[in-house]
Structures are given as structure tokens and as C-alpha cells.
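# Residue-level structure breakdown
Now for the letters of each chain:
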Amino acid sequence: MLKIRNLCKTFFAGTPNQVNALRDIDLDIEEGCFAAIIGTNGSGKSTLLNAVAGAFQVDEGVIELDGVDIARQPEYQRARQVGRVFQNPFAGTAAGMSIAENIALAMRRGRRQGLRRAVGSKVREEIQSRVRTLDMGLEDRLDNAIGTLSGGQRQALTLLMATWRRPKLLLLDEHTAALDPKSAGQVAALTKEIIQRENLTALMVTHSMEQAVQLSDHIVMMHKGQIIEQYGAECKASVRVADLLNAFDRVRRRELLDPDVADLLARQYA
Ligand SMILES: Nc1ncnc2c1ncn2[C@@H]1O[C@H](COP(=O)(O)OP(=O)(O)OP(=O)(O)O)[C@@H](O)[C@H]1O
Ligand SMILES: [Mg+2]
């Protein structure tokens, strides 16, 4: 479904600030799979999602979605097939516009129409019934400005909007990280529910090992621009949080070693 090959991205190439953010990434995500991406700060998780969404041109590589290489498509074109939710609850919605207006815009995602804010009664009914599925009472507040909602309510709505017209791929970048624990739990549960109900294929970046273990079908661990471990469908069920923490620990210890010794150990573990 999503097939990534030899994906490379270097920022500030040829300068003293050069960052090899993605180093030869290969990744296969099957249709209907919910994959979690974990890794240390700066390991390239967001860069990988941004590369798939088309936020910048990659230096090299293939990004195939349903057999079509989208790596050179502009971002707006990919947006028709790729839904996104970011960490910041303020990023995905327009604060001054109402819930209904924000959703009406999302419904036209990727279409070449101007910004029409009027919402007809039939569309409004559809909006109301879908917002009701969030179970947050927001269906009675459709005309309230989004800015008056809590972060958790905003992220729930952003999630609903990102999946309104079923995307081929849903990208979530730490979308619960800025929320209090209770709201984070609610939005995480809602994420799983929507992904299962719509049978979506999703990539979710998270720093929460619990989230990765509990929600996903496939775990991808990144470090310094590379994928260093993967727990696919066949072994994911038996992975525990402690296994992930141990894997991180191994990476840290390996880095303290002489590169030759580290290489030897890595081969022993392989
Ligand atoms: N647009 C950009 N311009 C320059 N450098 C960038 C850009 N985006 C990312 N980087 C750099 O690429 C590296 C990987 O960053 P990235 O944001 O992908 O990490 P991350 O794994 O998402 O980390 P975090 O867990 O902190 O969100 C970092 O060194 C970062 O500074
Ligand atoms: Mg990030």
C-alpha cells in the first residue's frame, strides 16, 4: 500500500550545519495497517511524515501509494489522498471560524473551489451526525468558534476533518502530545476507533511507548535518520513496552562504544 524505497533527505547539504535527516529509508506499510513510529528527538520521524506528505522535495527515493510514485507530486495534489493531524491543536483548524465552517472547508479538501463559508441544511445535518460520533456534545455547538474549544476537542475535530473524505493514508505527528493525560487518552481511543471503522492505513509518530504498543499493528523505531528496528504484524502482538525501552537502551550503549565493537555486537544481535 505504502512502499518507500531508498528515501533520503539532507538539510543544509554541503554546509557545516548539514543534517542527514533521512538516510536510505525502506518501509512497507500494508493496507489497513496502523503503524507507530517511535524514536529519539531529531531521529527523523517528522521528516519522514513530511516527506510522504510532500512538505519538501526529497533528494532521492520512491514513495509509492497504491502503486503510484507520489514522491515528485506537489503537496496539494497529495493532500487529496493524505490526511494529516499535527501536534499543535491550533494547527489544523481556523480559530475564528465556527465548527461547521471549519468542517465545510475540510469537506472540500483537495478540490479546486473557492472558500465558500455558507453551509446548506443537508450538509449541516451530515456534519451534525458525524460530529455526534465524537461523543463530546459538540453537535450542539456547531456555530461556536473553534477557538472556544479545549485542545482535546479541537484535536478530535481535526481528526474527524482529516478523515472526512476517506484518505488513502492518515499521518499523525504526536497528535496527542500537547494534551492533558485524560484528553490524550480520549483522542488516542478515538483515533483507534476511526482507523478501525474506516479501515484506514495510518502512520502515527508518538513518544509514548504505551500508545505504540496498545494502538498500533506495526512499530517502526528510528534513530539518526534510519529505521533501526521494526516489529511487524507477525511479532507486534508479543511486544511489550519493556522490549522497546530495551531496544532504545541497546542503541544508546552501542553509541558509547568504539564503532568496530558496536558493529560486532550489532551482528551478534541480528
Ligand atoms: N525543514 C527543516 N530544515 C532544516 N532542518 C530540519 C528541517 N526539518 C527537520 N530538520 C532536522 O532534521 C532532523 C530530524 O528532525 P525531525 O523533526 O524529523 O525529528 P523528530 O524525530 O521528529 O524529532 P522530535 O521527536 O523532536 O519531534 C533534526 O536534526 C532537525 O533539526
Ligand atoms: Mg517530530
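Every chain is numbered independently, its residues counted from 1 as its sequence is written. All chains are assigned letters beginning with A, and all ligands numbers beginning with 1, in the order in which they are written. Given that the model is predicted, a residue must reach a pLDDT of at least 70 before its local features are reported, and side-chain atom pairs must reach 80 or more before they are shown or counted; all residues, however, enter totals for whole chains, interfaces and linings. Each side-chain value is derived from all of the structure's non-hydrogen atoms; neither hydrogens nor water enter the calculation.

### Topic: the sheet that holds strand S9 (residues 218-223)
Should DSSP find at least two bridges between two strands, the strands are taken to pair. Comment: elements are numbered from the N terminus, with helices defined as DSSP H or I runs of at least four residues and strands as E runs of at least two. Strands sit in the order S6-S7-S8-S3-S9-S10 across an open sheet of six strands; the sheet is mixed. Edge strands, defined here as strands with exactly one partner in the open sheet, are strand S6 (82-85) and strand S10 (226-231). Between one strand and the next, the sheet's axes are offset by a mean angle of 20°, whatever the strand orientation. Bridge analysis of strand S3 (residues 34-39) against S9 gives five bridges, and the strand direction is parallel. Its bridge partner being in S9, Ile38 is matched across the sheet by Met221. Axis definition: a line fitted to C-alpha atoms, over the contacting stretch in the case of helices. Angles run 0 to 180 degrees between N-to-C directions.

### Quick look at the site of ligand 1
Within the structure, ligand 1 sits among 14 residues, and Asn41, Gly42, Lys45, Thr47 and His207 are positioned closest to it. Polar contact is defined as a pair of N or O atoms within 3.5 Å, subject to the rule that within protein one atom must be able to donate a hydrogen and the other to accept it, and that residues adjacent in sequence are counted only when both atoms are side-chain atoms. With respect to ligand 1, the side chain of Glu174 contributes an N or O atom lying 3.5 Å from an oxygen atom. A distance of 2.8 Å is found between an oxygen atom of ligand 1 and a side-chain nitrogen or oxygen belonging to His207. Those elements that provide at least two residues to the shell around ligand 1 are strand S2 (19-29) and helix H1 (45-53). Per element, the largest residue contribution to the shell around ligand 1 is three residues, and it comes from H1. Three classes are used, and their members are as follows: Ala, Val, Leu, Ile, Met, Phe, Trp, Tyr, Cys and Pro are nonpolar, Asp, Glu, Lys and Arg are charged, and the others, Gly among them, are polar. Broken down by class, the residue content of the shell around ligand 1 amounts to four nonpolar, eight polar and two charged. The cutoff for a nearby residue is simple: one of its non-hydrogen atoms must lie within 4 Å of the molecule or strand.

### Regarding the pattern of salt bridges
The salt bridge definition used is simple: a Lys or Arg side-chain nitrogen within 4 Å of an Asp or Glu carboxyl oxygen. Summed over all chains, the structure comprises nine salt bridges. Among the ionic pairs, Arg250 bridges to Glu229, the shortest N-O distance being 3.2 Å. Within this pair, whereas Arg250 is found in helix H9 (residues 241-256), its partner Glu229 is found in strand S10, the two being separated by 21 residues in sequence. Across the salt bridge formed by Asp243 and Arg240, the nearest N and O atoms sit 3.0 Å from each other.

### What to know about the domain arrangement of the protein chain
Assigned domains within the protein chain: domain 1 (2-239) and domain 2 (241-270). What fixes the domain bounds is an automatic or database domain assignment. One C-alpha centre belongs to domain 1, the other to domain 2, and the line joining them spans 30 Å. Interface of domain 1 and domain 2: buried area, both sides summed, is about 1,000 Å²; carbon and sulfur atoms make up 72% of it. Counting across the interface, domain 1 meets domain 2 through one residue pair in polar contact (both at pLDDT 80 or more). Residue assignment for the side of domain 1 that touches domain 2 shows that the elements contributing at least two residues are S3, helix H7 (209-215), S9 and S10. Considered class by class, the residues forming the side of domain 1 that touches domain 2 number eight nonpolar, four polar and three charged. Defined in terms of a 1.4 Å probe, buried area is the accessible area two parts forfeit on being brought together, summed over both.

### Digging into the packing of aromatic side chains
Pairing of aromatic side chains here covers Phe, Tyr and the six-membered ring of Trp, requires ring centres within 6.5 Å, and sorts the geometry by plane angle: under 30 degrees stacked, over 60 edge-to-face, intermediate tilted. Going through the model one piece at a time under the given rule, you end up with one aromatic pair. Residues Phe11 and Phe56 carry aromatic rings whose centres are separated by 5.6 Å and whose planes lie at 85° to one another, so their mutual orientation is edge-to-face. You can see Phe11 sitting in strand S1 (residues 2-11) and its partner Phe56 sitting in the loop between H1 and strand S4 (60-65), a full 45 residues away along the chain. Each residue gets one of three labels from its accessible area relative to the maximum for its type: buried under 20%, exposed over 50%, partly exposed in between, using a 1.4 Å probe on protein chains only. For Phe11, a relative accessible area of 29% translates into the label partly exposed. Classification of Phe56 as buried rests on a relative accessible area of 17%.

### Looking at the sheet that holds S4
In spatial order, the strands read S2-S1-S4-S5; together these four strands make up an open sheet with antiparallel pairing. Edge positions in the sheet fall to S2 and strand S5 (68-69), since each of these pairs with one other strand and no more. Pairing geometry for S1 and S4, over five bridges, is antiparallel. In the strand pairing of S4, Arg5 is matched with Val62.

### Remarks on a negative patch on the surface
Like-charged residues within 9 Å of one another, or nonpolar side chains (Val, Leu, Ile, Met, Phe, Trp, Tyr) within 5 Å, are grouped into patches, provided each residue has over 30% relative accessible area and no salt bridge. Each accessible area is a Shrake-Rupley estimate made with a 1.4 Å probe; only the visible protein chains count as cover when residues are assessed. Residues scored as positive are Lys and Arg, those scored as negative are Asp and Glu, and His as well as the terminal groups of each chain are ignored. Note that the charge is assigned to NZ on lysines, CZ on arginines, CG on aspartates and CD on glutamates. Taken together, Asp24, Asp26, Asp59 and Glu60 make up a surface patch of like negative charges. Along the chain, Asp26 falls in strand S2. On the basis of relative accessible area, Asp26 is assigned to the partly exposed category, the value being 40%.

### A look at the nonpolar core
The set of buried Ala, Val, Leu, Ile, Met, Phe, Trp, Tyr and Cys residues whose side-chain atoms join them within 4.5 Å is what this entry labels a nonpolar core. Ranked by size, the top nonpolar core spans 43 residues in total, and within it Ile103, Val131, Leu157 and Leu244 carry the most contacts. Of all the elements, helix H5 (residues 151-162) adds the most residues to this core, at six residues. We call two residues in contact whenever any of their non-hydrogen atoms come within 4.5 Å of each other. Contact partners of Leu157, with chain neighbours within four places excluded, come to Ile99, Ile103, Val131, Leu134, Leu138, Ile146 and Leu149. Judged by nonpolar contacts, the second largest core, of 28 residues, contains Leu48, Val58, Ile70 and Leu203.

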